[in-house]
Amino acid sequence: MTQPSPAAVPTHPAPGERVPLYGPDFAADPHAVYARLRSYGACAPVELAPGVAATLVTNYRAALDVLHDTTTYSKDSRTWLSTAPKDSPVLPMMTWLPNALTNDGEVHARYRGATTDSIRMIEPHELRETVHETADSLIRKFAARGEVDLVGEYCQVLPLLIFNKLFGLPDSQGPRLVAAIARMFDSQGEEAARGIEDLLQYTGELVALKVEKRGNDLTSWMLDHPAGLSPEEVVTQLVTALSAGHEPVKNLMANAMARMLSDERYYRTISSGALTAIDAITDVLWNDPPMANYSIHYPRRDVDLHGTWIPANSPVVISYAAANTSSGPSAPGPRSDAGAHLAFAAGPHACPAQQPAVLIASTAIDRLTSWLCDIRLAVPFDRLTWRPGPFHRALTELPARFTPIAPDQKGSSPWSTSPSSSTPAAETSPERRGGSAA
Ligand code: HEM
């Protein structure tokens, strides 16, 4: 993929010219591509996959205008889907379902109400405890080894095991969910289709179980919600929550840890004002959002968006990453301007799970860095590799090294601590050893 140099990019694109948002160049340096796309104005012509044309909104104000304007823009992809290439790899992320994400008006409000109200029932202190338990169970698997791929062995698995618990299933069912998602994402064609079947079977059995016997869990709250969703509709909302929730939580954790484990400022004691996991998370949400480009809208008629004509029913994609950084990258730590990032979108379709998502990511990172207090990247930050694709900002792996800890060592450890303990002894240990990337 050859990108034109900034000077060569025309203000008005030649007819049919589109900048690809797939392939290794975009994955390696998306911000260089966003910088070039900005020279088109508030919106730029892009290709999400071969033959899938879209308009990318890179300007913050224009992004807000689309996200809030439900009269001009629809989230319903069905008209566009009838003209889309049938085997495109982006179709799963652009498909229509009876859910909140791809519907408007009252239909959206009904699904969103059931999802949002159920998510609100999650008790933060119980969720924190669940994250501790789940984190410890994963850390125990690699802590004695001294090295780990944090993407494959921690960030990828942890959110799914937590979803399994929130849905109201025993831990024994967690690996089933992990295997189904891995099959979906790590394979193609028939094998990936089998992963989707596995996921639908998992959620179908889950909902059937809760129809028979309710519990204190997300599935039961959705079934009992006054919106009166049918069991089939609950299956779809759970699959939507999994698809909308798993990948970005994974990416938020991994992208934040990549920064923390390669930056000295995260390795000092509280008294010297060290940056925290929340600072790294805020940094990622502003500068490298886990979902980089999404909130796909379809204009109901031909429209002029900040100087760009967009044909009716064609995809308009919001670049949270480009809009957030239109005035340059922001530094980690608190911002003085109190501005709002768009990593969770805005308007009626803004993410309903922002608080639990940040709680899961920050607690999981704190737990890991508490037990493995000298953990650091095994390769320099700039040698990390990113998965190609237009929507997610996802590391392929995050190799790290640390001093091994063992089940028989003195003091508390992930093996000996009680699951309810929220302050592992290592948290009070002296300064974490400095650890820029080796
Ligand atoms: C760091 C983690 C997360 C990020 C960055 C994130 C980001 C987003 C964004 C940008 C949207 C808007 C998408 C659109 O309009 O097309 C969204 C919507 C949504 N998210 Fe999240 N999300 C995260 C975690 C979660 C989790 C954990 C759940 C479920 C428990 C979840 C459930 C949803 C749902 C159901 C919607 C659709 C809402 C609607 O259309 O009304 N998200 N999320």
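As the structure is a prediction and not an experimental result, all values here were calculated from the model. Throughout, residues of each chain are indexed from 1 in the direction in which the sequence is written. pLDDT decides what is reported in this predicted model: residues at 70 or higher carry local features, side-chain atom pairs at 80 or more are listed and counted, and totals for whole chains, interfaces and linings draw on all residues regardless. Hydrogens and water molecules were not included; the side-chain quantities draw on all heavy atoms of the structure.

Now for the site of the ligand. By convention in these notes, a residue is near a molecule or strand provided one of its non-hydrogen atoms lies within 4 Å of it. Around the ligand, a shell composed of 27 residues is seen, among which Lys75, His108, Arg112, His349 and Cys351 lie nearest. Two N or O atoms count as a polar contact when they lie within 3.5 Å, although within protein this holds only if one can serve as hydrogen donor and the other as acceptor, and sequence-adjacent residues are included solely when both atoms are side-chain atoms. In this structure, Lys75 approaches the ligand through a side-chain N or O atom, which is 2.6 Å from an oxygen atom. One nitrogen or oxygen atom from the side chain of Ser295 is found 3.4 Å from an oxygen atom belonging to the ligand. Where helices and strands are cited, they refer to DSSP runs of H or I of at least four residues and of E of at least two residues respectively, numbered from the N terminus. Elements supplying a minimum of two residues to the shell around the ligand: helix H6 (105–120), helix H13 (231–260) and strand E6 (293–299). Looking at which element gives the most residues to the shell around the ligand, the answer is H13, with six residues.

The pairing test for Phe, Tyr and Trp rings, Trp by its six-membered ring, is centres within 6.5 Å, and the orientation test on the planes gives stacked under 30 degrees, edge-to-face over 60, and tilted for anything in between. By the definition in use, this model includes six aromatic pairs. Look at Phe26 and Tyr34: their rings are 5.7 Å apart centre to centre, the planes differ by 80°, and that puts the pair in the edge-to-face class. Here a set of aromatic residues connected by ring pairs shows up, and it is made of Phe142, Tyr154 and Phe402. The criterion for a charge sitting over a ring is simple: Lys NZ or Arg CZ within 6 Å of the ring centre, and within 35 degrees of the ring normal. Here Arg78 stacks its cationic end above the ring of Trp96, 4.0 Å away from the centre of that ring. The ring centre of Trp386 lies 3.6 Å from the NZ or CZ of Arg393, which sits over that ring.

Turning next to helix H10 (residues 174–186). In this model, H10 (13 residues) spans 18 Å end to end at C-alpha, consistent with the 18 Å of a helix rising 1.5 Å per residue. The contact rule is simple, with two residues in contact once any of their heavy atoms fall within 4.5 Å. On its buried face, H10 sits against helix H9 (158–166), helix H11 (189–212) and H13. To estimate how far a helix should reach, multiply one less than its number of residues by 1.5 Å.

Once that is clear, we can look at the sheet that holds strand E1 (residues 19–20). Two strands are counted as paired when DSSP detects at least two bridges linking them. Reading across the sheet, the six strands line up as E1-E2-E3-E9-E6-E4 and stay open at both edges, with mixed pairing between neighbours. Each edge of the open sheet carries a strand with a single partner, namely E1 and strand E4 (73–74). Relative to strand E2 (residues 43–49), E1 runs parallel, the two sharing two bridges. Each residue of the ladder has a partner; that of Val19, found in E2, is Val46.

It is worth spelling out the pairing of strand E9 (residues 316–319) at this point. Buried residues are those whose accessible area, probed at 1.4 Å on protein chains only, stays under 20% of the maximum for their type, while exposed residues exceed 50% and partly exposed ones sit between those limits. Along E9, one buried face is formed by Val316 and Ile318 and the opposite face, lined by Val317 and Ser319, is buried too. Where strand E3 (residues 52–57) meets E9, three bridges bridge the pair, whose relative direction is parallel. Looking across to E9, one finds that Leu56 is bridged to Val317. Bridge count for E6 against E9 is three bridges, and the pairing is antiparallel. Residue pairing in the sheet places Tyr294 in a bridge with Ile318 of E9.

Right, let's talk about the sheet that holds strand E10 (residues 376–377) for a bit. Spatially, three strands are ordered E5-E11-E10 in an open sheet, and the strand pairing comes out antiparallel. The outermost strands of the open sheet, each flanked by one partner alone, are strand E5 (147–149) and E10. The sheet contact formed by E5 and strand E11 (residues 399–401) spans three bridges and is antiparallel. Residue Glu147 lies in a different strand from E11, and its bridge partner there is Arg401.

On to the pattern of salt bridges, then. A pairing counts as a salt bridge when a side-chain nitrogen of Lys or Arg comes within 4 Å of a carboxyl oxygen of Asp or Glu. For the coordinates displayed, the defined rule picks out 22 salt bridges. One salt bridge connects Arg183 with Glu191, and the closest N-O pair in it is separated by 2.8 Å. On the basis of relative accessibility, which here comes to 31%, the residue Glu191 falls in the partly exposed class.

What follows is about the nonpolar core. Leu150, Tyr154 and Leu372 are the most contacted members of the largest nonpolar core, which has 84 residues in total. No other element matches H13, which puts 13 residues into this core. Ignoring sequence-local partners within four residues, the contact set of Leu372 consists of Ile139, Phe142, Ala143, Phe402 and Ile405. By size, the runner-up hydrophobic cluster in this structure holds 47 residues, among which are Tyr34, Leu56, Leu305 and Ile318. The set of buried Ala, Val, Leu, Ile, Met, Phe, Trp, Tyr and Cys residues whose side-chain atoms join them within 4.5 Å is what this entry labels a nonpolar core.

Right, let's get into the packing of helix H7 (residues 124–142) against H9. Here an axis means a line fitted to C-alpha atoms, over the contact stretch when the element is a helix, while the angle between two N-to-C directions is reported on a 0 to 180 degree scale. Contact geometry for H7 and H9: axes closest at 10 Å, N-to-C directions at 130°. Taken together, the axis directions place H7 and H9 in an arrangement best described as oblique. Pair H7 / H9 crosses with right-handed handedness. Judged by residue contacts, Leu127, Thr130, Val131, Glu133, Thr134, Ala135 and Leu138 of H7 engage Leu158, Leu161, Ile162, Lys165 and Leu166 from H9. Note that the term roughly parallel is reserved for angles under 35 degrees, roughly antiparallel for angles over 145, roughly perpendicular for angles of 65 to 115, and oblique for everything else. It is the rotation of the near helix from the far one that decides the hand of a crossing: anticlockwise by less than a right angle makes it left-handed, clockwise makes it right-handed.

Next up on the list: the packing of H10 against H11. Between H10 and H11, whose axes approach to 7 Å, the crossing angle comes to 150°. Between H10 and H11, the interaxial angle falls into the category roughly antiparallel. Pair H10 / H11 crosses with left-handed handedness. Note on element contacts: H11 touches H10 through Glu191, Ala192, Arg194, Gly195, Ile196, Asp198, Leu199, Gln201, Tyr202 and Glu205, opposite Arg176, Leu177, Ala180, Ile181, Arg183 and Met184. Classifying every residue of the contact of H10 with H11 by side-chain character gives eight nonpolar, two polar and six charged. Each residue is assigned to one of three groups, with Ala, Val, Leu, Ile, Met, Phe, Trp, Tyr, Cys and Pro labelled nonpolar, Asp, Glu, Lys and Arg labelled charged, and all others, Gly among them, labelled polar.

Among the secondary structure elements, Gln237 is positioned in helix H13. Classification of Gln237 as buried rests on a relative accessible area of 2%. For Gln237, the residues in contact, after removing those within four places along its chain, are Pro98, Asn99, Ala100, Tyr111, Thr115, Met222 and Leu229.

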